[in-house]
Structure formats: structure tokens, C-alpha cells
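# Examination of the molecular architecture
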Amino acid sequence: MNYEILQIEIKEEIAIITINRPKALNALNTRFFNEMDEAIESISKNKNIRVLIITGEGKAFVAGADIAEMVNMTPEQGTAFSKKGQNTFNSIENLRIPVIGAINGFALGGGLELAMACDFRIASSKAKFGQPEVNLGMIPGYAGTQRLTRLVGPADALYLLTTAELIKADDALRIGLIQKIVEPEELIEEVIKIAQIIASKGPKAIEKVKYVTRKGLNMDFEKACDLEADYFGTQFKDEGEEGMRAFLEKRKPEWKENY
Ligand code: CAA
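What you see is a predicted model, and the numbers here were worked out from it, not measured in a lab. (Residues numbered from 1 in each chain as written. Predicted model: local features only at pLDDT ≥ 70, side-chain atom pairs only at ≥ 80, totals over all residues. Heavy atoms only, no water.)

### Let's talk about the pattern of salt bridges
Enumeration over the complete set of coordinates arrives at 19 salt bridges. For Asp-66, the salt bridge goes to Arg-21, with nearest N and O atoms at 3.0 Å. Of this pair, Asp-66 sits in the loop between strand S4 (60–62) and helix H2 (67–70) while Arg-21 sits in the loop between strand S2 (14–19) and helix H1 (30–45), and the two are 45 residues apart along the sequence. Here Lys-45 makes a salt bridge to Glu-41, at a shortest N to O gap of 3.1 Å. (Salt bridge = Lys/Arg side-chain N within 4 Å of Asp/Glu carboxyl O. Helix = DSSP H or I, 4+ residues; strand = E, 2+ residues; numbered from the N terminus.)

Structural data, given as C-alpha cells:
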């Protein structure tokens, strides 16, 4: 596919997707979703990539779904547009590797929903967050009602969902919506550093810790603990033997490549 909206850069073990439609504040249209599906598919097949970073070009991360595309939709088209976005964001969340949102500016509506499909978020001090759909007489359609509630709890979620207030990075940090705030000019550098730390760990340990954590969220607690114990066990042969021996021998572990 010829990418028009996404820029994809691969720097050693780290992939960076930049949403580059700054004139429309990176608003999400059908073309974006088609490109993102293709990008996620190709990243998921590339076993050398250990971390994905998603960011935006210009003053917005993403200012929401494309209102100009949505304005004439019928209810049926609206539901299909919602499902398409939900599927794309689920495939981001379900990637085997960690995904970091580098939130450079406005993360509103579908933009916050995209940010929340990432495993965690590092934000510029200039970023702003909100679910302003009710201003348009709409509600979130890319799982915002569900991911926001799971991330910050029902009270803070419903505060944002019903008031449409845009909050600054320090309030987003306070409610647990983001994990760290950095100066705007240091954002990408800082997120790459975090990605490099993750990429230095055992590849299988990182994949499994993400899988068990995410999968367990939708499971009964005891079953989730069983899943954890199974994966803990398999990790002894996969990487644990090397990692624990390296610790005891006071050397750096050498992880197997190419599983
Ligand atoms: N869709 C389409 N175009 C958008 C857009 C969006 N979500 N957000 C911004 N734009 C466009 C503007 O129309 C404008 O285009 P023109 O230059 O052609 O007029 C351009 O981007 C720049 O925007 P502004 O001039 O408005 O920039 P600003 O700095 O004055 O304001 C803003 C920034 C506060 C983010 C404002 O643009 C805004 O409120 N945007 C809409 C935010 C929103 O409501 N998002 C939710 C969308 S609905 C949704 O996402 C549903 C869902 O969950 C599936």
C-alpha cells in the first residue's frame, strides 16, 4: 500500500508510526484505518520489531474521528464506522509487542481512544485530553466508553464523557490516563529511550507479560492466575534459565533471537 497519512519508520528494533495529516489535526478517516490495518499487519509479521511507538505530526496527536466524513452518515454507516475503528484499535492493543503512545498534542475523541489502545502513554506537557463527543450530540465509537472506564474508573471517565472538558497533561497524569509528562521537544527522544529499555529485556518475557496482563483483564481472577502460572513456567526454558544464570554469574543475559 502507498501510505498517504501514515509515516512508518523502523529504527533497529523500534517501529514509529506518525500520523501525518496535520491540516485536519490528524482526524481519523477511512483511509487512516485502512493504512493503520496494513501497518499493524506488517509490523506483527516482522519478528525483529520489539516495540511500536504511535505519535502525531503537528499540534495534535489526533483531534478525533473525521467529523467531515461522519456528518452525512446514516445510523447503519455510523455503526459500521464505529466497528471498523474498534477492530483497528483492538488489533493495536492485541499486538504481541508493547505499544507506546507518544502524545504530542490534542488527544480528543477518537484520538484519545487511539491513545488508550496503546499499552501506556507518555505525553508532552502541551498535550490535552478529552472525550468531547457529546458537544457534537454524539458518543464515543472506538471503545472510549469502555477503555476510559477501565483505565481511570467510572467516576473520572463519566466526568470526562459527560462534561466534554479538555484536561491538561498534569490532570491526565493524576487520574492515571498517562504515565509520564515530558517537555515537548524531548518527547520522541524520551519515548525511544523507554522503548530501548523494553527492547533490552527478554523478548519472550515482554510478549508474555503483555499477553497475560491483557488477557487476564477479561478473565476471572483465579483463571487469570492459572494463566500467569502457566506462562511463568514456560518462561524457565524460554529465557528464565539464561536470565537467572546471568544474574548469578554477574553478567548480562544473552537472549535468543528469532523465535
Ligand atoms: N474532524 C475533522 N476535522 C477536524 C477535526 C475533526 N475531529 N478536528 C479539527 N479539524 C480540522 C478543523 O475543521 C480545521 O479545519 P479547517 O482549517 O479546514 O477549518 C483544522 O482541523 C484545524 O482545526 P481548528 O481550526 O479547529 O484548530 P483550533 O486550534 O482552533 O482548535 C480543537 C483545536 C480544539 C482540537 C478543535 O479543532 C476541535 O474542537 N476539534 C474537534 C474535536 C472533537 O470534537 N473531536 C471528537 C470527534 S468525534 C469522535 O471522535 C467520535 C468517535 O469517538 C468515533
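### A short note on the packing of aromatic side chains
Tallying each qualifying case throughout the model produces eight aromatic pairs. Here a set of aromatic residues connected by ring pairs shows up, and it is made of Phe-32, Phe-33, Phe-81, Phe-89 and Tyr-142. (Phe/Tyr/Trp six-rings, centres within 6.5 Å; stacked < 30°, edge-to-face > 60°.)

### Let's talk about the sheet that holds S2
An order of S1-S2-S3-S5-S7-S10 is seen for the six strands of this open sheet, with the pairing classed as mixed. Each of the sheet's edge strands pairs with one partner strand only, and the pair in question is strand S1 (6–11) and strand S10 (180–182). Here the average twist between neighbouring strands, direction ignored, is 20 degrees. Looking at chain direction, S1 and S2 are connected through six bridges and run antiparallel. Across the sheet, residue Ile-10 finds its bridge partner in S2, namely Ala-15. (Pairing = 2+ DSSP bridges. Axes fitted to C-alpha atoms, helices over the stretch in contact; angles between N-to-C directions.)

### Side note on the pairing of strand S3 (residues 51–56)
With six of six residues buried, S3 is to be regarded as a mostly interior element. Relative to S3, S2 is paired through six bridges, and the arrangement is parallel. Within S3, the position partnered with Ile-19 by the bridge is Gly-56. Crossover handedness for the path S2 to H1 to S3: right-handed. One ladder, built from four bridges, connects S3 with strand S5 (residues 99–103); its direction is parallel. Within S5, the position partnered with Thr-55 by the bridge is Ala-102. (Buried < 20%, exposed > 50% of the residue type's maximum accessible area, 1.4 Å probe, protein only. Right-handed = clockwise from strand over helix to strand, strands pointing away.)

### So, the nonpolar core
Core analysis: the largest hydrophobic core is formed by 47 residues, its most contacted members being Phe-32, Leu-52, Ile-54, Phe-89, Leu-114, Phe-129 and Leu-177. Element by element, the count of residues in this core is highest for H1, at six residues. Ranked by size, the runner-up nonpolar core spans 15 residues in total, among them Ile-16, Val-51, Ile-53 and Ile-192. (Core = buried A, V, L, I, M, F, W, Y, C linked by side-chain atoms within 4.5 Å.)

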